[in-house]
Amino acid sequence: MTSEPQSAGLSGPGDRPERVTVRIAGDSGDGIQVTGGRFAGSTALAGHDLATLPDFPAEIRAPTGTLAGVSGFQIQFSSTEVLTPGDRADVLVAFNPAALRVNLPGLRPGGVLIVNSSAFDDERGLRKASYERNPLEDGSLEGYRVHAIEIGKLTREALADSGLTARQVERCKNFFALGLLYWMFGRPLDPTLRWIERKFHDRPELARANGKALAAGYHFGDTARVFETPVELPPARLAPGVYRGLDGNEAISLALATIAERSGLDVLLASYPITPASTILHRSSRLEAFGVTTFQAEDEIGAIGAAIGASFAGGLGVTTTSGPGLALKGEFLGLAVMTELPLLVIDVQRGGPSTGLPTRTEQADLLLALFGRHGEAPLPVLAPRSPGDCFWVVLEAARIALRSMTPVVVLSEGYLANGSEPFRVPGEDELPEIRPRFLSDPAQFAGAYVRDPETLARPWVVPGTPGLEYRIGGLEKDPQGRVSYDPENHERMIAARAARIARIADDLPPAALEEGEPDDELVVVGWGGTWGAITEAVRAERAQDRRVASVHLRHLNPLPRGLGELLARFPRVLVAERNRGQLAMLLRGQLGVDVESFARIRGLPLRVDELRERIAASLSGGWS
Amino acid sequence: MSGGGTRPKLTRRDFQNDQDVRWCPGCGDYSILASVQTVFAGLGIPRERFVIVSGIGCSSRFPYYMNTYGFHTVHGRAPGVATGIKLVRPDLSVWVVTGDGDALAIGAGHLLHALRRNVGIRILLFNNRIYGLTKGQASPTSEPGKTTPSTPEGVTDPPFRPVALALAAGATFVARSVDRFGPHLQRMLARAAAHEGAALVEILQNCNIFNDGAFADVTGKAGKAENVLQLDHGAPLRFGPEGRSGLALDAGGRLVTVDAEAEPRRVLTHDERAVDSAVPDLLARLDRPVPIGVFRDVEAPALDQVLRRRREARRAGREGGLADLLAGPNAWTVD
Ligand code: SF4
């Protein structure tokens, strides 16, 4: 970690930067995500640490060349630790005028701008991007190191005798650009050539053409000389181990297989398609061999219903969704709270309310997850901090759900779902114990809600167990499991359900500082996917001798023990989150601590530079 | 699904429990409960393998009164819960008890999809053509013109016909019976139990508090003889005193009543296994006579069995363990 991540080199020939942020942008039909994914793969193989952020439009195929149809992919890589995909790009590759207009603000001043100039000849393309004059000619790009390269034309020339249609040739230009990037960063072509062969194994002519475009782009690097010589970063010093690239949604599906495998439970993932959660359903549908069954329900409500049924039957029900779906599941969550069944509800948050910004990221479902139910219905809420952490948090959620017999909500984010990073693959011995505790001996059964003295969990009795036929349901019950309208009993049962959730904190690590010292002047508190940006900002400020610490919450309910005391030691507490101050409200209300709120909600990840400014302002007393 | 070979034979009493039954005295639900208990005892399934899932409404209190596993869930959403149970535990005998409000208003979507998927659950739809538990509002099966607290000027919406909906959803087993027709109802329940895929049984049920006599012209002695058409596979569609009337198709493809004695060859023969015939749909839309019996019973793979077999095959053919899965095909090593 450097104190000034933005000061990465690439400002002149022969630079040896420590970290680089590259952004690739084009039309959603240009294969931007594929290009980004391959570049990320080669970055990982080069041994760098990295984080990626795809950024695509909500429309599947917005009209070609329009601002609405721009798709982007950003990656930060480094020879030291990488915690975010980078605030601003050092290198921007823009395939067309619309991509340039949308993404130029994300390129740092003096950054390298590679433009597919073939797409700037045509008036219509410029007009669609609201350019009155060609920005390549009107001097408006003066503050950047512009390389206008006829990527379209050069690709056409390279594939002149391929026999492909003009349209097919056009679709190879992303590999030309990828080849150019490979030259710029000294990457080998072979792994990608092999990937192309696999990908197009039944279309050898396309495999040949894409491979040729890749090689042509690479060789053009010598001619283009974007850099004098390829920029080669030394590999990062990652902890030894086996690594893979992993995005948050894939991490969740791997966690489901791990839960099934470790616990011996049948996992039923019952979901309804919704952006940005759907890929969890896709990936998990290939895990039958590992004990994960998937069920695409008729709607969000049917999905959670089936998941609850699975848990009642002695499996582990899981449902994945995003904010609007979590709202729909609220009534069933009340039933899961009332019947005290283990259940995982994974909300991959997106911009809301309503359809909002469905492909963008946000953290605005926190209070919905905590309180958005009828009646007194507390349940545990957890949030992962990085794509790879989604794996660990879902395992932890399952452990809690089974141990305390409760539904658990996991709040992921679009940013984590689609972003990827190197993930150290755990050995089996590093995986937690996940143990269901069924009760099958009638002699030990005192009643459906007679609780374990330690966890306060009710017994998990599964249909098919002889002699224990019992009924549960939404009506209030007494401890023996009989329907009860007794007022005293109702109050006792509510208290018991709440105490069971509160008691989970006994089992959790107490609140601790992530960065900094207890006698610092300011502590930044965050939760979920803002961890990378907060950590980077706090480290950078500390490197400048600013006395700032950080706390990052994985458990939002129950909160870790000692959090109030820990925060009370700091003269200032700053809560940074991607909403209008929901965690800030929670901390004020539950812990009685006075907090400042840094709440930005633009559908984008937290930016390190903005947070640093805010920290500096806070420390200088500019915010009070 | 057998088991419990050495255990004593079950009786109806084995399915009763000590909960006070809280339906109104005289409610048709009592006789349905008795029939279900009688049928369950005779199925040869160990008691612990039965699960009854319900939504919300008078009928949905059913699981509390059965000494089996039971789950009283959310209004209209029992089919989803039952589906989850059956997917995880295909060996269980999973029953849904629902009503016309629960299944056809708030839960209509779930009902149709459960039937479409052919998941092996049995759905008993108690149709009393009224909302009972919320005190007498019109339901999706209330007849047009009926005045209720929510429709003081009379119901304006045309009613759903549950059997027609189920057939349209592609249900593989659809039947209708009546609360008071014990032996017939029990036959229908046993048939539903024997079916592998999704089964729907509509049970005409009297709500003597809010819609008393809704089916009086079916259940009364004279009415029964006059108005009930009993469907039996392979038998002619005859009804009325001494079966003097019969159903036939006219040239326009409509069901018409003919004099069965004068024109016996025009009378249709009931075929519950027909998959490409419009006759079950026409029967499902008949108001008079009222057909009871099995409208359709066809074989098709049940979703739970399909998934079970696939799961077993995938597990048996699995290559590599969890470690391989976690590492994936593109892992690299850092020393
Ligand atoms: S209100 Fe009607 S349906 Fe409900 S219990 Fe009473 S009689 Fe039965």
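Since we're looking at a predicted model, the values are computed, not measured. Counting of residues starts from 1 at the beginning of each chain's written sequence and follows it residue by residue. Here the convention is simple: chains get letters from A, ligands get numbers from 1, in the order in which they are written. Side-chain atom pairs in this predicted model are given and counted only at pLDDT of 80 or more, local residue features only at pLDDT of at least 70, and totals for whole chains, interfaces and linings cover all residues. Note that the side-chain values use all heavy atoms of the structure and ignore hydrogens as well as water.

## Observations concerning the overall build of chain B
The helix and strand tally for chain B stands at eleven helices and twelve strands. Since a compact globule built from 335 residues should have a radius of gyration of about 20 Å, the 22 Å found for chain B is in line with a globular shape. On the principal axes, the C-alpha backbone points of chain B span a range of 90 × 50 × 50 Å. The buried label goes to any residue with under 20% of its type's maximum accessible area, the exposed label to any with over 50%, and the partly exposed label to all in between, with areas taken from a 1.4 Å probe on protein chains only. Going through the 335 residues of chain B one by one, you find that 57% of them count as buried. Contacts in chain B between residues far apart in sequence, at least 24 positions, make up 66% of those at least 6 positions apart. Numbering of helices and strands runs from the N terminus; a helix is a DSSP stretch of H or I covering at least four residues, while a strand is a stretch of E covering at least two. Here the radius of gyration uses the C-alpha set of atoms, whereas the globule reference equals 2.2 Å times the residue count to the power 0.38. Residue contacts are counted whenever heavy atoms from the two residues lie within 4.5 Å of one another.

## Let's talk about the interface of chain B and chain A
Tallying the contact residues gives 55 residues for chain B and 67 residues for chain A. Accessible area that two parts lose when put together, evaluated with a 1.4 Å probe and summed over both, is termed the buried area. Buried surface at the junction of chain B and chain A, summed over both partners, amounts to about 5,100 Å²; 63% is from carbon and sulfur atoms. On the chain B side of the interface with chain A, the three residues burying the most area are B:Y69, B:L326 and B:W332, jointly 17% of the side's total. Throughout this description, the term salt bridge denotes a Lys or Arg side-chain nitrogen within 4 Å of a carboxyl oxygen of Asp or Glu. Inspection of the region where chain B meets chain A yields six salt bridges. Measuring nitrogen to oxygen at the nearest pair gives 2.8 Å for the salt bridge that ties A:E298 to B:R117. Here a polar contact is taken to be a pair of N or O atoms separated by no more than 3.5 Å, where protein atoms must pair a possible hydrogen donor with a possible acceptor and residues adjacent in sequence count only if both atoms sit in side chains. Across the contact surface, chain B and chain A share 27 residue pairs in polar contact (both at pLDDT 80 or more). Mapped by element, the contributors of at least two residues to the side of chain B that touches chain A are β2 (69–72), α2 (78–88), α4 (108–117), α10 (303–316), α11 (322–327) and β12 (332–334) of chain B. Broken down by element, the side of chain B that touches chain A gets its largest block of residues, seven residues, from α2(B). Polar here means any residue other than Ala, Val, Leu, Ile, Met, Phe, Trp, Tyr, Cys and Pro, which are nonpolar, and Asp, Glu, Lys and Arg, which are charged; Gly is therefore polar. Of the residues that constitute the side of chain B that touches chain A, the class distribution is 22 nonpolar, 19 polar and 14 charged.

## Topic: the nonpolar core
Put simply, a nonpolar core is a bunch of buried Ala, Val, Leu, Ile, Met, Phe, Trp, Tyr and Cys residues held in one set by side-chain atoms that sit within 4.5 Å of each other. Formed by 165 residues in total, the largest nonpolar core has its most connected members in A:I259, A:L344, A:L583, A:L587, B:V53 and B:L283. The element that contributes the greatest number of residues to this core is helix α15 (residues 389–404) of chain A, accounting for ten residues. If we skip the residues at most four places from it in the chain, B:L283 touches B:L229, B:L231, B:L237, B:L247, B:L255, B:H270, B:P291 and B:F295. Among the nonpolar cores identified, the runner-up in size contains 52 residues, and A:A44, A:L164, A:W183 and A:L206 belong to it.

## Things to note about the site of the ligand
As a structural note, the neighbourhood of the ligand is formed by B:W23, B:C24, B:C27, B:C58, B:N128, B:G132, B:Q205, B:C207, B:N208, B:I209 and B:F210. Partitioning the shell around the ligand into residue classes produces seven nonpolar, four polar and no charged. Residues are labelled near a given molecule or strand when at least one of their non-hydrogen atoms is within 4 Å of it.

## Regarding the pattern of salt bridges
Side-chain pairs of opposite charge can arise whenever the charged atoms involved come near each other. Counted according to the given criterion, the structure contains 56 salt bridges over all chains. Among the ionic pairs, B:R191 bridges to B:D297, the shortest N-O distance being 2.9 Å. Placement of the pair is B:R191 in helix α6 (residues 182–194) and B:D297 in strand β11 (residues 290–297), with a sequence separation of 106 residues. What you see here is one network of salt bridges that share partners, running through A:E396, A:R399, A:R403, A:E454 and A:D507.

## Some points on the packing of helix α1 (residues 29–41) of chain B against α6(B)
Residues and elements named next belong to chain B. Helix axes are fitted only over the stretch in contact, all axes being lines through C-alpha atoms; the angle between N-to-C directions runs from 0 to 180 degrees. The N-to-C vectors of α1 and α6 enclose an angle of 50°; their axes lie 9 Å apart at closest approach. With respect to their mutual orientation, α1 and α6 come out oblique. For the pair α1 and α6, the sense of crossing is right-handed. Residues I32, S35, V36, T38 and V39 of α1 touch α6, and the partners they reach there are G182, L185, Q186, L189 and A190. By the definition adopted for this analysis, an angle is roughly parallel if under 35 degrees, roughly antiparallel if over 145, roughly perpendicular if from 65 to 115, and oblique otherwise. Crossing handedness is read from the near helix: turned anticlockwise from the far helix by less than a right angle, it gives a left-handed crossing, and turned clockwise, a right-handed one.

## Brief notes about helix α9 (residues 248–263) of chain A
Residues and elements named next belong to chain A. Working rule for helices: expected span equals 1.5 Å times residues minus one. Here α9 spans 22 Å end to end across 16 residues, near enough to the 22 Å set by a 1.5 Å rise per residue. In terms of residue burial, α9 counts as a mostly covered element, since 13 of its 16 residues are buried. Measuring from the side-chain oxygen of the N-cap residue of α9 to the backbone nitrogen of N249 gives 3.1 Å; that N-cap residue is D247. Immediately beyond the C-terminal end of α9, within one or two residues, lies G264, with a positive phi of roughly 75°.

## Concerning the environment of A:F290
Mapping A:F290 onto the fold places it in the loop between α10 (278–284) and β9 (292–296). In this structure, the C-alpha to C-alpha distance between A:F290 and A:A257, residues 33 residues apart in sequence, is 5.6 Å. Ignoring anything within four residues of it in the chain, the contact list for A:F290 reads A:A257, A:A260, A:E261, B:R318, B:G320, B:G321, B:L322 and B:L325.

## Observations concerning helix α18 (residues 531–543) of chain A
Residue and element names in this part refer to chain A. The end-to-end C-alpha distance of α18, which contains 13 residues, comes to 18 Å, matching closely the 18 Å that a straight helix rising 1.5 Å per residue would cover. Listed as buried for α18 are W531, G532, A533, I534, T535, E536, A537, V538, A540 and E541. If you follow the buried residues of α18, they end up packed against β1 (19–27), β3 (70–78), β16 (522–527), β17 (548–553), β19 (572–577) and α21 (608–619). Positive phi appears at D545, one or two residues downstream of α18, with a value of about 65°.

## Focus on the sheet that holds strand β7 (residues 241–247) of chain A
Adjacent strands of a sheet pair through backbone hydrogen bonds, lying either parallel or antiparallel. Taken in spatial order, the three strands make up an open sheet running β14(A)-β7(A)-β12(B), and their pairing is antiparallel. At either margin of the open sheet sits one strand with a lone partner, and together these are β14 (420–424) of chain A together with β12 of chain B. For this sheet the average axis-to-axis angle between neighbouring strands, irrespective of direction, equals 40°. Judged from the five bridges that link them, β7(A) and β14(A) form a sheet pairing that is antiparallel. Within β14(A), the residue paired with A:R244 across the bridge is A:F423. For two strands to be treated as a pair, DSSP must find no fewer than two bridges joining them.

## Notes on the side chain of A:S420
Residue and element names in this part refer to chain A. Tracing the sequence through the fold places S420 in strand β14. Judged by its relative accessible area of 18%, S420 is buried. Contacts of S420, omitting those with residues within four sequence positions, involve L50, A51, T52, L246, D247 and P387.

## Side note on the packing of aromatic side chains
Aromatic pairs are defined between Phe, Tyr and Trp rings, using the six-membered ring for Trp, whenever the two ring centres lie within 6.5 Å; interplanar angles under 30 degrees are classed as stacked, those over 60 as edge-to-face, and all others as tilted. A complete count under the given rule lists 23 aromatic pairs over all chains for this structure. The interplanar angle of 90° and the centroid separation of 5.8 Å between the aromatic rings of A:Y470 and B:Y69 together place this pair among those described as edge-to-face. Taken together, the residues span two chains, with A:Y470 in the loop between β14 and β15 (471–473) and B:Y69 in strand β2. There is no split in this pair, since A:Y470 and B:Y69 are both buried. Among the aromatic side chains, those forming a connected cluster through ring pairs are A:F39, A:F77, A:Y182, A:F185 and A:F227. One Lys or Arg, A:R101, reaches over the ring of A:Y131 and ends 4.3 Å from the middle of that ring. Two conditions define a charge located above a ring, namely a distance within 6 Å from the ring centre to NZ of Lys or CZ of Arg, and an angle within 35 degrees of the ring normal.

## Examining the domain arrangement of chain A
For every domain, the bounds stem from an assignment made automatically or drawn from a database. We note that the domain assignment places domain 1 (19–224), domain 2 (244–430), domain 3 (442–507) and domain 4 (522–619) within chain A. Here the C-alpha centroids of domain 1 of chain A and domain 3 of chain A sit 58 Å apart.

## Observations regarding the sheet that holds strand β5 (residues 107–116) of chain A
Residues and elements named next belong to chain A. Strand order in this open sheet of six strands is β2-β3-β1-β4-β5-β6, and the pairing throughout is mixed. Each edge of the sheet is formed by a strand with only one pairing partner; in this case those strands are β2 (49–55) and β6 (145–149). Within the sheet, the average angular offset between the axes of one strand and its neighbour, ignoring direction, is 15°. On the sheet, helix α1 (residues 32–45) packs against β1, β2 and β3 and is oriented at approximately 10° with respect to β3.

## Side note on the side chain of A:R578
Residues and elements named next belong to chain A. Examined against the element boundaries, R578 turns out to sit in the loop between β19 and α20 (582–591). Counted as positive: Lys and Arg. Counted as negative: Asp and Glu, with His and the chain ends omitted from the count. In this structure R578 is buried but unpaired, with E610 as the nearest side chain of opposite charge at 4.9 Å. A polar atom in the side chain of R578 sits 3.2 Å from the backbone oxygen of P605. Once you skip the residues sitting within four places of it in the chain, R578 turns out to touch E362, Q363, A364, T530, R600, I601, R602, L604, P605 and L606.

## What to know about the pairing of β5(A)
Residue and element names in this part refer to chain A. Counting buried residues along β5, eight of its ten residues qualify, which places the element largely inside the surrounding structure. Crossovers are described as right-handed under a simple rule: with the strands pointing away from the observer, the path leading from the first strand over the helix to the second runs clockwise. Traced from strand β4 (residues 89–94) through helix α2 (residues 97–103) to β5, the parallel crossover comes out right-handed. Here β5 runs beside β6; their pairing, made up of five bridges, is parallel. Each residue of the ladder has a partner; that of V112, found in β6, is R145. Following the chain from β5 across helix α3 (residues 123–128) to the adjacent parallel β6, one finds a crossover that is right-handed.

## Examining the environment of B:A41
Residue and element names in this part refer to chain B. Tracing the backbone shows A41 in helix α1. Its relative accessible area of 10% is what places A41 among the buried residues. Expressed as a C-alpha distance, the spacing of A41 and L10, which sit 31 residues apart in the sequence, is 4.9 Å. Beyond its immediate sequence surroundings of up to four residues, A41 is in contact with L10, T11, R12 and F15.

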